[in-house]
Amino acid sequence: MQRRDVLKQLSAAMAIGLLGRPVLAQGSGGFELVSPPQPTEAKGKVEVIEFFHYGCPHCRAFDPLLEQWVKKLPADVYFHRVPVTWGNPQLTGLARLHLTLAATGDLARLHGQVFEAVQTDKQPLHTEAGAQEWAAKKGIDSKKFLDAYRSFGVQVGLQRVEKLGRDYKIQGVPTLAIDGKYFTSASIAGSHEASLKVADQLIVRARGEQGRK
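Computed from a prediction, not measured in an experiment: that's the story for all the values here. (Residues numbered from 1 in each chain as written. Predicted model: local features only at pLDDT ≥ 70, side-chain atom pairs only at ≥ 80, totals over all residues. Heavy atoms only, no water.)

### Remarks on the packing of helix 2 (residues 57-71) against helix 4 (residues 107-119)
- For the pair helix 2 and helix 4, the least separation of the axes is 10 Å and the interaxial angle reads 160°. By the angle between their axes, helix 2 is roughly antiparallel relative to helix 4. Along this stretch, helix 2 crosses helix 4, giving a crossing that reads as left-handed. Contacts between helix 2 and helix 4 involve Pro 57, Cys 59, Arg 60, Asp 63 and Glu 67 from the former and His 111, Gly 112, Phe 115, Glu 116 and Gln 119 from the latter.
- The class makeup of the residues in the contact of helix 2 with helix 4 is three nonpolar, three polar and four charged. (Axes fitted to C-alpha atoms, helices over the stretch in contact; angles between N-to-C directions. Helix = DSSP H or I, 4+ residues; strand = E, 2+ residues; numbered from the N terminus. Parallel < 35°, antiparallel > 145°, perpendicular 65-115°, else oblique. Left-handed = near helix turned anticlockwise from the far one by under 90°. Contact = heavy atoms within 4.5 Å. Nonpolar A, V, L, I, M, F, W, Y, C, P; charged D, E, K, R; others polar.)

### Points about the sheet that holds strand 1 (residues 32-33)
- Pairing is mixed across the open sheet formed by five strands, whose spatial order is 1-5-4-2-3. Only two strands of the sheet have a single neighbouring strand rather than two, namely strand 1 and strand 3 (77-83).
- With seven bridges connecting them, strand 2 (residues 46-52) and strand 3 associate as parallel partners. Paired with Glu 47 across the two strands is Tyr 78, which belongs to strand 3.
- Those strands touched by helix 2 are strand 2, strand 3 and strand 4 (175-178), and its axis lies near 160° from that of strand 3. (Pairing = 2+ DSSP bridges.)

### Some points on the packing of aromatic side chains
- Under the criterion given, the structure shown has seven aromatic pairs.
- Centroid distance Tyr 54 to Phe 115: 4.9 Å. Interplanar angle 65°. Geometry classified as edge-to-face. Taken as a pair, Tyr 54 in the loop between strand 2 and helix 2 and Phe 115 in helix 4 lie far apart in primary sequence, 61 residues in all. Here the two residues Tyr 54 and Phe 115 agree in accessibility, since each one is buried. (Phe/Tyr/Trp six-rings, centres within 6.5 Å; stacked < 30°, edge-to-face > 60°. Buried < 20%, exposed > 50% of the residue type's maximum accessible area, 1.4 Å probe, protein only.)

### Observations regarding the state of the cysteines
- Per the counting criterion, the structure on display carries zero disulfides.
- Between Cys 59, a cysteine without a disulfide, and Cys 56, which holds the nearest cysteine sulfur, the sulfur-to-sulfur distance is 3.0 Å. (Disulfide = S-S within 2.5 Å.)

### Structural notes on the pairing of strand 2
- With seven of seven residues buried, strand 2 lies mostly within the body of the structure.
- Covered by surrounding structure in strand 2 are Val 46, Val 48, Glu 50 and Phe 52 together with Glu 47, Ile 49 and Phe 51, the residues of both alternating faces.
- Taken together, strand 2, helix 2 and strand 3 form a β-α-β motif whose crossover is right-handed.
- As paired strands, strand 2 and strand 4 are joined by four bridges and run antiparallel to one another. What sits directly across from Glu 50, in strand 4, is Leu 176. (Right-handed = clockwise from strand over helix to strand, strands pointing away.)

### Re the packing of helix 5 (residues 128-137) against helix 6 (residues 142-149)
- The contact between helix 5 and helix 6 brings their axes to 9 Å, and the two run at 140°. Considering their axes alone, helix 5 and helix 6 lie oblique with respect to each other. Crossing of helix 5 over helix 6 shows right-handed handedness. Contacts between helix 5 and helix 6 involve Glu 128, Ala 131, Gln 132, Ala 135 and Ala 136 on the former and, on the latter, Ser 142, Phe 145, Leu 146 and Tyr 149.

### A look at the nonpolar core
- Counting residues in hydrophobic clusters, the biggest one holds 39 residues, and the most contacted among them are Phe 51, Tyr 54, Leu 101, Val 114, Leu 125, Phe 145 and Tyr 168.
- Taken together, the elements giving at least two residues each to this core come down to strand 2, helix 3 (89-104), helix 4, helix 5, helix 6 and helix 7 (152-167).
- If you look at the next biggest cluster of nonpolar residues, it comprises 18 residues, including Leu 66, Val 77, Leu 196 and Leu 202. (Core = buried A, V, L, I, M, F, W, Y, C linked by side-chain atoms within 4.5 Å.)

### Details of the environment of Ala 189
- Of note, Ala 189 is situated in helix 8 (residues 186-189).
- Taking C-alpha positions, Ala 189 is 9.7 Å from Ala 199, a pair spaced ten residues apart along the chain.
- In this structure Ala 189 touches Gly 30, Thr 184, Ala 194, Ser 195 and Val 198, once residues within four positions along its chain are discounted.

Next comes the structure, spelled out in structure tokens:
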């Protein structure tokens, strides 16, 4: 497949991220219920998931705000990111890259740079060759990267994030899911900043529902 065709398909995938969720009526509280509620990973903590993908310009704009917010989260909040794929081969490749960087220990350092490489530099990071070449330029040993990229653990992780996207019925990104019960996003709350304020309120609510103050 030609680079131009690949980027055209990725641009179509990026457009999916613009759809978001329908805005609720005023007074709704800026959130929606997850239906049905989903199990969470960290027992005794409030789980917050950001559903995103690297081709989404809204996710890129949200990321710096989210990073600052995450740094201030209480110790009893477990935050992690889940890349969506929606069955799209390009998004699946980008999700695999995300999981690979997590496996090599380079995700925190390079997460923001993936957005730039995909959206500004138009690099084909959804392919193995493109991802490996980029990773090598970022100082990751090529063998270490490929071993992780092709590993059983990353494959299982990819299946897991795909299942989470389906189970949560994610329709648009970026979307925050709080404790398996609530959604908020800019399209629901009105802005990225508002969605984080709503998330703060939902964390308190979820903590109370767990019987903790």
